[in-house]
Every structure is written in structure tokens, then in C-alpha cells.
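# An overview of the molecular structure
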Amino acid sequence: MRTRNRAVVAAMCAGLAATLAACGGGGEKDPDAGTNGVGKLPATKIESKARQAAGGAKSVRLSGSLVTSGATYKLNMRLNADGGTGQVSTKGSSFELLRVGKELYLKADAGFWSHDGESGGGDADNAAGKLDDKYVKVPSGDPSYQRLSGFTDMKLLLDGLLGLHGKIATGDHGRVDGVRTITISAGKAGEGGSLDVSLEGRPYPLRLQRAGGAGVIRLADWNKGFKLTAPEKGHVLDYGQQIPETP
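Report follows, based on the coordinates. (Residues numbered from 1 in each chain as written. Predicted model: local features only at pLDDT ≥ 70, side-chain atom pairs only at ≥ 80, totals over all residues. Heavy atoms only, no water.)

Estimated volume of the largest pocket: approximately 290 Å³. Contributing elements (two or more residues each) for the lining of the largest pocket: β1 (59-68), α5 (143-150) and α6 (154-161). (1 Å grid on protein atoms, 1.4 Å probe; cavity = no way out; pocket = protein on both sides within 12 Å on 5 of 7 lines; lining within 4 Å. Points joined across faces, edges and corners; volume = space filled by probe spheres on them. Helix = DSSP H or I, 4+ residues; strand = E, 2+ residues; numbered from the N terminus.)

With 13 residues, helix α2 (residues 43-55) should reach 18 Å at 1.5 Å per residue; the first-to-last C-alpha distance of 18 Å fits that figure. Those residues of α2 that sit buried are Ala43, Ile46, Glu47, Ala50, Ala53 and Ala54. Buried residues of α2 fall within an arc of 130 degrees about the axis and therefore sit on the same side. Away from its buried face by more than 90 degrees, α2 exposes Thr44, Lys45, Gln52 and Gly55. Looking at the packing, one finds that the buried side of α2 touches α6, β7 (168-176), β8 (179-186), β9 (194-198) and β10 (205-209). (Expected span 1.5 Å × (residues − 1). Buried < 20%, exposed > 50% of the residue type's maximum accessible area, 1.4 Å probe, protein only. Arc of directions from axis to C-beta. Contact = heavy atoms within 4.5 Å.)

Turning our attention to the pairing of strand β2 (residues 71-80). Two strands pair when backbone bridges link them, and β1 and β2 are joined in this way by 10 bridges, in the antiparallel orientation. By the bridge assignment for β2, Ser63 is matched with Asn76. Here β1 folds back onto β2, and the loop between the two strands holds 2 residues, one of which, Ser69, carries a positive phi near 50 degrees. Where β2 lies against strand β3 (residues 83-90), 7 bridges are found, and the strand directions are antiparallel. (Pairing = 2+ DSSP bridges.)

What follows is about the side chain of Thr183. Take Thr183: it is sitting in strand β8. Polar contacts involving the side chain of Thr183 include one to the side chain of Asp196, which spans 2.4 Å. In contact with Thr183, not counting residues within four places along its chain, are Ala169, Thr170, Gly171, Asp172, Ser194, Leu195 and Asp196. (Polar contact = N/O pair within 3.5 Å; in protein donor to acceptor, adjacent residues only side chain to side chain.)

Now for α6. Among the residues making up α6, those that are buried are Met154, Leu157, Leu158 and Leu161. All buried residues of α6 project into a common sector of 95 degrees when viewed along the axis, lining one side. Turned more than 90 degrees off the buried face of α6, the exposed positions are Lys155, Leu156 and Gly160. For α6, the side-chain oxygen to backbone nitrogen distance between the N-cap and Lys155 is 3.3 Å, and the N-cap itself is Asp153.

This is the structure we're talking about:
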């Protein structure tokens, strides 16, 4: 009886082992199975593919933190070839930007325009009250125009953000917002920045860690088109030749 029981158990185990082996349970799964294949490429090729995909896209949502010229900005922008719209926050201030073609508009509350109540009162406070939650058209000749419009320029932002600095190496497989990714990083311990590239569909960059800890940016909604529309005239105020200094 014991001999027969041992034989039955051995047969069951052998069958189970064969089943697991057939299902791949006996070895490591291929992390690139069912992907776009980019994860099997050299790191430099992955970077090139990601930049090509981004360069060919018509729209994107860009969000996260960006450190530049000693200032930290938090961004949540939707961008396309015609301009962009979204919110920028820095130094305790927050404002909305909208660019349609060459026309740039800025929208903020009265506290922003009065520099958090430091305007000195009087006419300045009255002016700030009139600008509260209104779109202000930024003149193209204003010193702030180029800097502010840069936040709404898809090509300019992507070209400036996606570069890695140093020798590039392939990192781990992972996920960004549920999408399978491969990480590439530059420099020692990723100090030259890192990029998470999609392994599903086109190899779009989905998350960027900028070199030197200069911010983390997420890139989503690639090629999900949207229309930019200038605000109605009744919601736009013309401040004049030069708007107040902005953060």
C-alpha cells in the first residue's frame, strides 16, 4: 500500500512539474514579452527612440516640478503645436497661462498682482482688484513674455528637458501610471538624469528625473488632441505696455 501511495504521489508531482514548465513557471519570465521591444535595445537607442516619439507627437500633458535659475516651478500644462494652457506655481504664487498662437494671457488672483499685499495700497490695490481672476494679455514686448511663453511651448520644453547628461545605461523595468516602462539613466548613480520610457505602443517618455535633482516631470496624454481657444473679450484686460513684475 505504501509503495503504491508513493508511486501515485510521484506521478502527481511529475505531472505538476511538467505543467508548470509548460506555463513558464519553472523559469524567469521575459520582462519584454508582449512589449514594443524597446527594452531590448541599447540605452542610447532607447533614448533616441523616446526623443523621436516625443518629437513626432502633436500634444502632451506635462506636470511636476522644474528647478531653473534657482527657482522651483510646479507645472501642470497641456501643450500642442499652437500653444498651451495650464497652471504654474512658484514662491507661494500661482497663476494660469494660456497661449493661442502668439497671443499670451495670464490669469491670477488679486494677491498675485499686488504681490501678496505688499503693493502699498491705494491705486495699486484698486488695479489689483480689477485684475482679479481676469485674463491679462501679455504684450509681446514685455520682459516677461519670453519667459512665460516658454512654459507653453511644447517643442522648446521637450527639447530642453529630455536630454540626459553623461554615459547612458539601461536600468530596471517598471511601471508609470500602470504603463510598463524601461528606465535609462546617465552618469554615476543617475546623477545625470533618468528617463522612464513606455514599453507599450510608441516609446514615449513618461517620467523624467532631471540631472542634479532639478525636478521630476511626468509626461502623459501623448497625442490626445485638444483645442486652444482665446478667452472672450469680456474676460480680458489690457494692462498696458508692461505688466507688473511676475515671480
